[in-house]
Amino acid sequence: MPIDLGRVQKEIRDIDRDKASGVTIEVQGNSVQKLIGCLKGPRDTPFDGGIFYVNIELDDQYPFVPPKMRFITKVWHPNISSANGAICLDILKDQWSPALTLKTALLSLQALLSSPQPDDPQDAVVARQYMGSLAEYEATARQWTQTYAHAQQVVGLEAKVQQIVEMGFGREQALAALKRANGDENGAMEILLGA
Amino acid sequence: MAGSDDDQWFDDYDEPMSGGEDEDAYPSDSGAGGSDSGGTSTTDDAADDGFEERGPSEARSQLRNRLYSVIDRQNLRRIQEEALQQVQSILGCSTTTARALLIFFSWDAEAVLGTIAERGQEDVYKRAGLLSQSEEAEAYAAAAAAGAGGTVSCLVCMSDVGPSQATAMDCGHMFCNDCWREHMRINISEGMSRRLRCMAPGCGVVCDEDKVKALLRKDKPLLEKYEQTLLESYVDDNKRVKWCPSVPHCGHAIRSKEMHCEVECACGHQFCFACCEVQHSPCTCDMLHDWEQRMRDGSETSSWLSANTKLCPKCSKPVEKNGGCNLVLCRCGQAFCWLCGQATGRAHTWTSIEGHSCGAYKEEAEARANEAQRNLKRYLHYLTRYEANLQSGKLEAKLRKDVEAKVDALMEVDPSMSNFSWLNEALAQLFLARKCMAYSYIFAFYMFGQSMFKEDFSAEANAINQALFEDKQGQLEAEVEKLSQLIENPWPIGSAADMQSHRMAIINLAANIDTRIQKMYEVIECDITPQVASRGVGIAPYKGRHATGSGGEAAAEVYRRAAAAGGGAGPSGSNQPSSDVPDPAAEEGGRGGRRGKAPIAAGSGGRSKRKAGS
């Protein structure tokens with residue numbers, strides 16, 4: 001059975017309507033099965049002020065199987081891989097329920113940013129730092145937020161995306177390449193031309 | 001008459017294929033004759049558990065040491081229903097509930113009832129997914145039903161449907177039928193039939209079987225798959241029952257009381273119950289697994305598997321990590337850590353896997369790299385010996401042929417020689433000893449290698465253990481080589497006296513070898529494994545050749561031939577017994593021969609019996 005388009009579109013509309021939630025979602029290209037989610041770093045955490053992008057892929061069987069989510073923006077967090085953005089969150093795995101939505105999943109990610117679970121780390125290095133020296137962890141996380149997720153960075157990023165798009169690349173392609181190159185325009189171009 | 005204990009062993013040995021014409025082929029437990037050995041199995045376990053033992057012959061299934069029994073397709077359903085009824089009759093619950101409880105407790109009905117008595121019904125029901133864990137279930141249902149004009153709003157497809165097109169599970173969560181069906185279709189086709197749960201977040205209540213069947217009634221193949229998986233759950237979710245790994249699959253399952261036990265299915269396939277591989281005592285399953293991995297190194301499939309999968313600590317199937325974090329959930333329901341492969345327990349989620357750390361591996365791996373050279377040499381040493389013994393075992397067929405030729409020649413010279421059970425015993429013992437020797441080298445490779453058991457022994461203790469073991473192994477090897485020579489070298493066929501002493505030498509050596517193997521196992525079981533008991537080293541015990549060994553069958557064939565020839569058909573040995581028309585003369589001759597050989601054979605038979613029973 002192909003993906004339930006009606007439901008996904010309803011979900012997207014619902015997120016768009018609820019401006020207060022702090023999460024947004026955007027379709028990548030023509031298919032609703034590839035999306036980019038966006039969430040604000042929670043207040044009173046090292047992620048405050050950051051804007052975090054999440055790559056979302058929906059399987060044909062969605063919502064009966066969980067959406068595949070991965071942070072595009074680099075994050076320093078025990079449950080998120082600092083290398084590839086992989087997320088360790090139970091509702092994205094065996095605790096997923098078809099009655100959950102992309103919005104609830106994104107909100108759960110936001111909640112995960114506020115309350116790390118270092119006992120089951122995705123990134124052992126971060127977890128060790130979190131357990132050993134909280135202050136150091138918070139400093140690193142804040143610095144990463146500043147470097148990779150800060151609003152100004154993101155605004156700057158938008159300009160770079162536009163530049164690359166003008167060179168004839170797709171928007172999502174440009175965004176992904178820029179994320180991989182940590183915002184470096186030349187690096188992103190190299191990635192795009194190399195690929 | 002011939003129902004004495006000693007005869008029991010010969011009967012099994014001599015006439016496994018006699019088709020049950022002869023009463024003696026059915027030894028009884030009591031030794032009081034064959035009267036109670038008719039249609040039904042009379043072993044205690046079988047009676048208790050309601051399992052029937054089936055096998056090519058009743059005699060053989062009796063000999064299965066009563067540690068395990070064979071379940072076939074027909075009685076699988078019956079056995080499962082008995083277990084369900086046992087739980088249902090005591091708890092007064094539905095079949096769905098009983099099944100969910102039994103699956104949760106790996107089909108251990110006593111554990112179900114015991115835990116309920118101990119911790120209370122509610123707690124157990126909750127853990128087994130029978131009570132909703134989301135407390136707003138009722139409110140949820142009410143909200144769903146509150147759609148305008150009596151419609152139900154399904155929170156999965158987010159559309160409104162009429163009440164007749166929606167179903168609520170026992171927990172009260174209501175969704176539309178199409179969504180339920182899709183949810184079930186995906187889960188059933190992924191092999192999750194026995195864990196069909198409610199779709200509401202955090203609920204986890206098992207879907208009622210009748211409701212599932214009603215929803216799926218139009219999709220026959222899916223419904224069948226659902227029912228089949230539920231049926232097979234008795235084997236799949238049961239630690240004490242395993243499918244026979246024969247290819248093509250014979251449809252049988254084995255139920256064993258002991259995890260580490262070498263079993264033989266009704267189809268004749270012999271395997272290790274714990275790992276379903278070839279029988280490999282005295283080395284452990286881990287050792288065999290690692291060993292075979294080494295031997296297969298270079299094969300592309302295995303290198304992909306070793307690079308990309310980990311074996312589930314519960315069901316030992318390779319699991320591929322398809323994304324996400326290092327807490328991996330196997331299809332069998334076992335959660336484990338991807339880094340170290342250790343089980344972390346089902347209840348664990350990302351919120352509660354406390355205390356699980358596994359950083360020690362890398363340092364150890366580096367230290368090991370320095371020893372690679374030494375290890376390779378050591379490995380080759382054991383590999384050569386392992387292969388040599390396995391190779392000799394593989395030459396069984398040839399040896400058997402040679403021995404048949406000798407038997408023919410001997411009977412031509414001396415037609416009075418009609419009983420060759422001593423020879424069968426010796427051959428079977430030889431083949432069994434070869435197999436034992438082969439695997440004992442794997443055992444030694446790992447046990448004394450200071451890698452797999454590095455933390456368990458000091459270097460001194462290890463040296464002592466190794467010396468003890470190698471002493472016993474060496475003695476066994478010497479005897480095995482001697483016996484091998486005696487059987488293979490030309491026999492003194494011309495002289496009756498010489499032949500007699502040759503025969504005695506073979507009989508004695510075979511008996512010696514049996515004792516040597518036991519001594520070797522004594523060292524393993526009494527001296528070595530107790531030191532690593534905390535590691536749960538499981539080694540199937542030595543049962544003597546009566547309980548195991550294809551050698552037994554191979555030799556039995558030689559004997560049948562000889563018995564038939566000697567008993568009635570003249571000295572040429574060319575007259576084969578017909579399988580469908582048993583020749584009474586031949587059987588009579590065989591039995592007469594058994595009585596005739598009394599002193600020596602009875603002695604050795606008695607000894608074998610003791611071992612086999614131990």
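Owing to the predicted nature of the structure, the values given are computational and were not obtained by experimental measurement. (Residues numbered from 1 in each chain as written. Chains lettered and ligands numbered in written order. Predicted model: local features only at pLDDT ≥ 70, side-chain atom pairs only at ≥ 80, totals over all residues. Heavy atoms only, no water.)

Digging into the overall build of chain B
At step 1: Looking only at helices and strands, chain B features 22 helices and 13 strands.
At step 2: Scored against the burial criterion, the 614 residues of chain B give a buried share of 48%.
At step 3: Of the contacts formed within chain B by residues at least 6 apart in sequence, a portion of 59% connects residues at least 24 apart.
At step 4: On chain B, roughly 28700 Å² of surface is accessible, and the fraction owed to carbon and sulfur atoms is 50%. (Helix = DSSP H or I, 4+ residues; strand = E, 2+ residues; numbered from the N terminus. Buried < 20%, exposed > 50% of the residue type's maximum accessible area, 1.4 Å probe, protein only. Contact = heavy atoms within 4.5 Å. Areas by Shrake-Rupley, 256 points an atom, 1.4 Å probe, with all protein chains shown as cover.)

With respect to the packing of aromatic side chains
All names here are of chain B.
At step 1: With the rule as written, the count across this model stands at 22 aromatic pairs over all chains.
At step 2: With a centroid separation of 6.4 Å and 75 degrees between ring planes, the pair formed by Trp291 and Tyr446 is classed as edge-to-face. Taken as a pair, Trp291 in helix 12 (residues 285–296) and Tyr446 in helix 17 (residues 421–447) lie far apart in primary sequence, 155 residues in all.
At step 3: Take Tyr446: its relative accessible area is 3%, and that puts it in the buried class.
At step 4: In this structure an aromatic cluster arises from ring pairing among Trp291, Tyr382, Tyr386, Tyr439, Tyr441, Phe445 and Tyr446.
At step 5: Positioned above the aromatic ring of Phe273 is the side chain of Lys242, whose terminal nitrogen or guanidinium carbon lies 5.0 Å from the ring centre. (Phe/Tyr/Trp six-rings, centres within 6.5 Å; stacked < 30°, edge-to-face > 60°. Lys NZ or Arg CZ within 6 Å of the ring centre and 35° of its normal.)

Remarks on the sheet that holds strand 1 (residues 68–71) of chain B
Residue and element names in this part refer to chain B.
At step 1: Spatially, the 3 strands line up as an open sheet ordered 1-7-6, and their pairing is antiparallel. The two strands at the open ends of the sheet, each matched to only one other strand, are strand 1 and strand 6 (241–243). Between one strand and the next, the sheet's axes are offset by a mean angle of 25 degrees, whatever the strand orientation.
At step 2: Here 4 bridges tie strand 1 to strand 7 (residues 253–256), and the two strands are oriented antiparallel to one another. Its bridge partner lying in strand 7, Ile71 is registered against Ala253.
At step 3: The sheet strands contacting helix 4 (residues 73–91) are strand 1 and strand 6, and the helix crosses strand 1 at an angle near 110 degrees.
At step 4: With respect to the sheet, helix 11 (residues 220–236) is in contact with strand 1, strand 6 and strand 7, its orientation differing from that of strand 6 by roughly 115 degrees. (Pairing = 2+ DSSP bridges. Axes fitted to C-alpha atoms, helices over the stretch in contact; angles between N-to-C directions.)

Observations regarding the interface of chain A and chain B
At step 1: Residue-level contacts link 26 residues of chain A with 25 residues of chain B.
At step 2: Of the roughly 2300 Å² buried between chain A and chain B on both sides combined, carbon and sulfur atoms contribute 61%.
At step 3: Contact with chain B buries surface across chain A, with Phe64, Asp119 and Asp120 of chain A losing the most and accounting together for 26% of the total.
At step 4: Put simply, chain A and chain B have 0 salt bridges between them. (Buried area = accessible area lost by both parts, 1.4 Å probe. Salt bridge = Lys/Arg side-chain N within 4 Å of Asp/Glu carboxyl O.)

Here we look at the environment of Thr529 of chain B
Residue and element names in this part refer to chain B.
At step 1: Structurally, the position occupied by Thr529 is in the loop between helix 19 (496–528) and helix 20 (550–567).
At step 2: Beyond its immediate stretch of four places on either side in the chain, Thr529 contacts Ile524, Val537 and Ile539.
At step 3: Within polar-contact distance, the side chain of Thr529 engages the backbone oxygen of Glu525 at 3.4 Å. (Polar contact = N/O pair within 3.5 Å; in protein donor to acceptor, adjacent residues only side chain to side chain.)

A closer look at the nonpolar core
At step 1: By size, the foremost hydrophobic cluster in this structure holds 60 residues, and its most contacted members are Trp291, Ile442, Phe443, Met447, Phe469 and Ile487 of chain B.
At step 2: Looking at this core element by element, the count peaks at 19 residues for helix 17 of chain B.
At step 3: Setting aside residues no more than four positions away along its own chain, Met447 of chain B makes contact with Met287, Phe453, Phe457, Asn462, Ile528 and Val532 of chain B.
At step 4: Listed in part, the 37 residues of the second largest apolar core include Trp76, Ile80, Trp96 and Tyr137 of chain A. (Core = buried A, V, L, I, M, F, W, Y, C linked by side-chain atoms within 4.5 Å.)

Overview of the confidence of the model for chain B
At step 1: Of the residues in chain B, 67% have a pLDDT of 70 or more, and the chain-wide mean is 71.
At step 2: Low pLDDT, under 50, characterises residues 1–64 of chain B; the stretch is placed with 115 contacts to residues that sit more than four places away or in other chains. (pLDDT = per-residue confidence, 0-100.)

Focus: the environment of Ser495 of chain B
Residues and elements named next belong to chain B.
At step 1: Summarising the element assignment, Ser495 is placed in the loop between helix 18 (459–488) and helix 19.
At step 2: When its relative accessible area of 27% is taken as the criterion, Ser495 is described as partly exposed.
At step 3: Remark: the alpha-carbon pair of Ser495 and Val413, spanning 82 residues in sequence, is separated by 9.4 Å.

Some remarks on unusual backbone geometry
At step 1: Cis geometry is found at the peptide bond from Tyr62 of chain A to Pro63 of chain A, where omega equals 5 degrees.
At step 2: Tracing the backbone through its elements, the reader meets Pro63 of chain A in the loop between strand 3 (51–57) and strand 4 (68–71).
At step 3: The linkage connecting Ser281 of chain B with the following residue, Pro282 of chain B, adopts the cis geometry, with an omega of 5 degrees.
At step 4: Among the secondary structure elements, Pro282 of chain B is positioned in the loop between strand 9 (270–272) and helix 12.
At step 5: Positive phi values are uncommon outside glycine, yet Ser106 of chain B reaches one of about 50 degrees.
At step 6: Looking at the secondary structure, you find Ser106 of chain B in the loop between helix 5 (95–104) and helix 6 (109–119).
At step 7: Taking relative accessible area as the criterion, Ser106 of chain B reaches 16% and is therefore assigned buried.
At step 8: The backbone of Cys276 of chain B sits at a positive phi, close to 65 degrees, despite the residue not being glycine.
At step 9: Locating Cys276 of chain B in the fold gives a position in the loop between strand 9 and helix 12.
At step 10: With a relative accessible area of 24%, Cys276 of chain B lands in the partly exposed category.

Looking at the packing of helix 18 of chain B against helix 19 of chain B
Two quantities define a packed helix pair, namely the angle between the helix axes and the distance between the axes.
All names here are of chain B.
At step 1: Two numbers describe how helix 18 lies on helix 19: the axes approach to 9 Å, and their chain directions differ by 160 degrees. One finds that helix 18 runs roughly antiparallel with respect to helix 19. Helix 18 and helix 19 meet at a crossing whose hand is left-handed.
At step 2: Of the residues belonging to the contact of helix 18 with helix 19, the class tally is 17 nonpolar, 5 polar and 6 charged. (Parallel < 35°, antiparallel > 145°, perpendicular 65-115°, else oblique. Left-handed = near helix turned anticlockwise from the far one by under 90°. Nonpolar A, V, L, I, M, F, W, Y, C, P; charged D, E, K, R; others polar.)

As for the pairing of strand 3 of chain A
Residues and elements named next belong to chain A.
At step 1: A large share of strand 3 lies buried, amounting to 5 of its 7 residues.
At step 2: Where strand 2 (residues 34–40) meets strand 3, 7 bridges bridge the pair, whose relative direction is antiparallel. Its bridge partner being in strand 3, Ile36 is matched across the sheet by Asn55.
At step 3: Bridging between strand 3 and strand 4 involves 4 bridges; their strand directions are antiparallel. Each bridged residue has a counterpart across the sheet, and for Asn55 the counterpart in strand 4 is Arg70.

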